[in-house]
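Descriptive structure summary
So you can see what is in the structure, the chains are spelled out below.
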Amino acid sequence: QYKIPYSRQRVISSGDLQLVDRSLANGEVNHDRDIGFDLRSKDVAGLGGYLRYYAGVYMGEGRDFGDRNATPDFKLHYLGRIEVQPLGEFDDDYTEADIVRHKSPKLSLGGAYSFHHDAQRLAGVLGSKAEDGGTTNYHSFNVDYMFKFQGFSSTGELHWRKGKRKPGGATTEDPDDPTATVLLPVTAPRNGYGFHVQAGYLIPRTRFELAARYDHVAGIGTEDPGDLTDAKGYTSLGQKDSVGGGLSYYFADHSWKLQGDYFYLWNDAELGEGDNRVRLQLQLAL
């Protein structure tokens, strides 16, 4: 049971981030942890680390699956990922911030595809279950990058997800006839896309870093009105945006650091009706 190697920011440890938490986009589309296995290589064909691959098969029920999470049905989750480091191999492409201040530019590019057969939750292994009791077949794609050079770093991801619902036929009491039942409305899949772009700069001759990020999530299709009998062409994913930045001080790299950030978050393009969020975090990790 481990993090599925789908999106770079989810695989990066929460302790190795340059802002207090991951992006909204990553939170919506990441595949989190699951039980399964993969084949992988960090140096395909002995090319010096320029090319990597991952190919995995997973149970598709998420972490600690069982009665409290999902019903094991052996409808599996399949994933493939490729990474390229065109400017030469470097081993800190899965940590944010250029703490070592690379003297030459470093770039890692990644792309992944997954197919989740009969996902029991509306966000794959995450989120709530559909009220109609059915499942969803999801196709997901993402591309991402990590760039570092002389204290400057930038990372970003672009995600796309589309699913086809299989309604479960769950029923409820007929409000007009207590002796009868009616089908619950079909819930639309969380079809949509998302992205984030992030950058930071470690101020020369100091341990201070400034960083900023913008991210966006939006549905693809017509918004679910809540009374569907057929989910085709509809989505239950709304629009979410956030923009903000932060300041970090690295006492001892990521192991011991103090971070603060500020973000403004809004939904459904209502920019003037958003929320302010301020966070402060001290980390000491062994």
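The following refers to the structure shown.

Basis of the calculations
Residues numbered from 1 in each chain as written. Predicted model: local features only at pLDDT ≥ 70, side-chain atom pairs only at ≥ 80, totals over all residues. Heavy atoms only, no water. Helix = DSSP H or I, 4+ residues; strand = E, 2+ residues; numbered from the N terminus. Rg over C-alpha atoms; globule rule 2.2 N^0.38 Å. Buried < 20%, exposed > 50% of the residue type's maximum accessible area, 1.4 Å probe, protein only. Contact = heavy atoms within 4.5 Å. Areas by Shrake-Rupley, 256 points an atom, 1.4 Å probe, with all protein chains shown as cover. Patch = residues over 30% accessible without salt bridge, like charges linked within 9 Å, V, L, I, M, F, W, Y side chains within 5 Å. Salt bridge = Lys/Arg side-chain N within 4 Å of Asp/Glu carboxyl O. Pairing = 2+ DSSP bridges. Axes fitted to C-alpha atoms, helices over the stretch in contact; angles between N-to-C directions. Phe/Tyr/Trp six-rings, centres within 6.5 Å; stacked < 30°, edge-to-face > 60°. Lys NZ or Arg CZ within 6 Å of the ring centre and 35° of its normal. Polar contact = N/O pair within 3.5 Å; in protein donor to acceptor, adjacent residues only side chain to side chain.

Remarks on the overall build of the protein
Along the protein, the regular secondary structure elements total two helices and 17 strands. For a compact globule of 286 residues, the expected C-alpha radius of gyration is about 19 Å, and the protein comes in at 21 Å, within 12% of that figure. Taken along the three principal axes of its C-alpha coordinates, the protein extends 75 × 50 × 35 Å. Residues counted as buried form 45% of the 286 residues belonging to the protein. Taking the intrachain contacts of the protein between residues at least 6 apart in sequence as the baseline, contacts between residues at least 24 apart amount to 63%. Counting every atom, the protein has about 14100 Å² of accessible surface; 58% of that belongs to carbon and sulfur.

Notes on a nonpolar patch on the surface
Together, Phe-152, Tyr-201, Ile-203, Phe-208, Leu-210 and Leu-247 give the surface a local cluster of nonpolar side chains, amounting to about 500 Å² of exposed area. For Tyr-201, the position within the fold is in strand β11 (residues 192-202). With relative accessibility at 38%, the residue Tyr-201 sits in the partly exposed group.

Some thoughts on the sheet that holds strand β16 (residues 256-267)
Reading across from one edge, β3-β4-β5-β6-β7-β8-β11-β12-β15-β16-β17 is the order of the eleven strands in this open sheet, with antiparallel pairing throughout. Because the sheet does not close on itself, it has two edges, and the strands there are β3 (36-41) and β17 (275-284). This sheet shows a mean twist of 10 degrees between the axes of neighbouring strands, independent of strand direction. The pairing of strand β6 (residues 106-119) with strand β7 (residues 135-149) spans twelve bridges and is antiparallel. Note on β7: the bridge partner recorded for Gly-111 is Val-143.

Some points on the packing of aromatic side chains
Summed over all chains, the structure comprises nine aromatic pairs. By the ring-pair criterion, three or more aromatic residues cluster together here, those being Phe-208, Tyr-249, Phe-251 and Trp-256. If you follow Arg-8 out to its NZ or CZ, it ends over the ring of Tyr-94, 5.1 Å from the centre. Over the ring of Tyr-138 we find Arg-161; its NZ or CZ atom is 5.4 Å from the centre of that ring.

A closer look at the pattern of salt bridges
Inspection of the entire model under this criterion finds 17 salt bridges. For Asp-144, the salt bridge goes to Arg-81, with nearest N and O atoms at 3.0 Å. Placement of the pair is Asp-144 in strand β7 and Arg-81 in strand β5 (residues 77-84), with a sequence separation of 63 residues. The buried category is assigned to Arg-81, whose relative accessible area is 2%. Each of Arg-8, Arg-52, Arg-81, Glu-83, Asp-93 and Asp-144 takes part in one network of salt bridges that share partners.

Considering the side chain of Asp-32
With respect to the secondary-structure elements, Asp-32 resides in the loop between α2 (24-29) and β2 (33-34). Residue classification places Asp-32 among the buried positions, given a relative accessible area of 9%. Looking at Asp-32, its side chain comes within polar contact range of the side chain of Arg-10, at 2.8 Å. Aside from chain neighbours lying at most four places away, what touches Asp-32 is Tyr-2, Lys-3, Ile-4, Arg-10, Arg-63, Val-125 and Leu-126.

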